[in-house]
Amino acid sequence: MERLMGRLTGHLTGRRRSRDARAVVTGAGSGIGRSFALELARRGGSVVVSDVDEPSARRTAGMVEDAGGKALALGCDVSDADAVATLARDAADWFAGPPTLVVNNAGVGAGGDLVGEVPLEDWQWTLGINLWGVIHGCHVFAPLLREAGGGGIINVASAASYAAAPRMAAYNVSKAGVLALSETLAAELAGSGVHVSVLCPTFVKTNIIEAGRITSASGSLAGTLMKVTGMSPDRVARTCLDAHDRGALYVMPQLDAKATWELKRHAPRLYTHGAGLLERVSGPLRTDHATKGH
Ligand SMILES: NC(=O)c1ccc[n+]([C@@H]2O[C@H](COP(=O)([O-])OP(=O)(O)OC[C@H]3O[C@@H](n4cnc5c(N)ncnc54)[C@H](O)[C@@H]3O)[C@@H](O)[C@H]2O)c1
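Attention here is on the structure that accompanies the text. (Residues numbered from 1 in each chain as written. Predicted model: local features only at pLDDT ≥ 70, side-chain atom pairs only at ≥ 80, totals over all residues. Heavy atoms only, no water.)

The next point concerns the site of the ligand. Taken together, the neighbourhood of the ligand is formed by 28 residues, with Ser-30, Asp-51, Tyr-171, Val-204 and Thr-206 sitting nearest. Here Cys-76 contributes a backbone N or O atom positioned 3.4 Å from a nitrogen atom of the ligand. Lys-175 has a polar side-chain atom sitting 2.9 Å from an oxygen atom of the ligand. Relative to its free-state accessible area of 830 Å², the ligand is covered by the protein chains to the extent of 93%. (Near = heavy atom within 4 Å. Polar contact = N/O pair within 3.5 Å; in protein donor to acceptor, adjacent residues only side chain to side chain. Areas by Shrake-Rupley, 256 points an atom, 1.4 Å probe, with all protein chains shown as cover.)

Structural data, given as structure tokens:
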């Protein structure tokens, strides 16, 4: 039904938003954000490539230009509301108008400890970037797109937004918030010409583990799973932009993301018991809580 509605909306609005876009991508200095920037450029777009790490944003912008696209690199910490407002102003100046597509992608990994052990500072750091960063992006850009009468917003959540794994509370909560915000925004913008998608991948081969605040034992387990089962960020970006063009709200680029979505919806207790069992079996393997990525 969701797919049918999406197709219908896509046909009615009659536009492939990922083509010739004036796009803003946050967290575009690495991983999925960089792939979004490169793919949007391949589709004829001009891209504002922003990241808290400005040199990495400049590297992505260079890659976009080498591939024949147009890019502007800007430093922006999405956890800072004023910085996101400045990003929107600078992007509008460069485009000489509002953007047509915004990808709220910037995010960090966090995990390894049980609720009660996770330092409150880590909760604040994770929610500050993963959730507040997307709130800031939607707060600033949604009114601009609505006023322009069209465009797209892609919020990058995670399969963790609907399937909570133990020892990842702050990350799970941040991504559940991004999912709820995206669903709200999609309803509020229905009929406005602005389409919202929320990307919910499982593992993607990026730097998120190395750059995150993850206890080393959990990190090495997740790192191995990522290497073995992870999808390439290029494929995730392509799949997501195609789904966005078809009018999809939920984008689960992998089979395991789709299967977990179905399991969680139709057998939520089975999912929770299974996740708890996995935690009890793998818990003793996690002995090292000393090393953090910060
Ligand atoms: N890699 C995965 O397996 C996976 C799975 C599901 C969802 N995601 C989500 O995908 C998004 C991109 O992550 P990735 O896997 O490409 O990781 P990554 O670490 O490769 O890239 C994240 C980028 O975000 C930037 N960033 C970090 N804090 C920022 C801030 N405060 N302001 C602006 N930029 C900031 C980093 O500098 C980096 O360039 C995140 O939201 C992440 O939660 C990733």
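Picking up after the structure, the text goes on.
We now examine the sheet that holds strand β7 (residues 194-199). The strand order across the open sheet built from seven strands is β3-β2-β1-β4-β6-β7-β9, with neighbouring strands paired in parallel fashion. A single partner strand is all that each edge strand has here, and the edge strands are β3 (70-75) and β9 (250-251). Bridge count between strand β1 (residues 22-25) and strand β2 (residues 46-51): four bridges; the pairing is parallel. Considered in β2, the bridge of Val-25 is made with Val-49. Packing of helix α6 (residues 169-189) onto the sheet brings it into contact with β6 (151-156), β7 and β9, and relative to β7 it is tilted by some 160 degrees. (Pairing = 2+ DSSP bridges. Helix = DSSP H or I, 4+ residues; strand = E, 2+ residues; numbered from the N terminus. Contact = heavy atoms within 4.5 Å. Axes fitted to C-alpha atoms, helices over the stretch in contact; angles between N-to-C directions.)

It is worth spelling out the side chain of Thr-26 at this point. You can see Thr-26 is positioned in the loop between β1 and α2 (31-42). Judged by its relative accessible area of 5%, Thr-26 is buried. At 3.0 Å, the side chain of Thr-26 and the backbone nitrogen of Ala-106 are in polar contact. Here Thr-26 is in contact with Ser-50, Val-78, Leu-87, Val-103, Asn-104, Asn-105 and Ala-106, once residues within four sequence places are set aside. (Buried < 20%, exposed > 50% of the residue type's maximum accessible area, 1.4 Å probe, protein only.)

A few words on the pattern of salt bridges. The full count for this structure, using the stated rule, is seven salt bridges. Note that Arg-42 is salt-bridged to Glu-39, the shortest N-O span being 2.8 Å. Of the two residues, Arg-42 and Glu-39 both sit in helix α2, three residues apart, roughly one turn of that helix. You can call Arg-42 exposed: its relative accessible area is 51%. Ionic contacts of the salt-bridge type, sharing partners, join the residues Glu-39, Arg-42, Arg-43, Asp-242 and Asp-245 into one network. (Salt bridge = Lys/Arg side-chain N within 4 Å of Asp/Glu carboxyl O.)

Taking 1.5 Å of rise per residue, the 12 residues of α2 would be expected to cover 16 Å, and the 17 Å separating its terminal C-alpha atoms lies within 8% of that figure. Buried residues dominate α2, accounting for 11 of its 12 residues. Along α2, the residues classified as buried are Gly-31, Ile-32, Gly-33, Arg-34, Ser-35, Phe-36, Ala-37, Leu-38, Glu-39, Leu-40 and Ala-41. (Expected span 1.5 Å × (residues − 1).)

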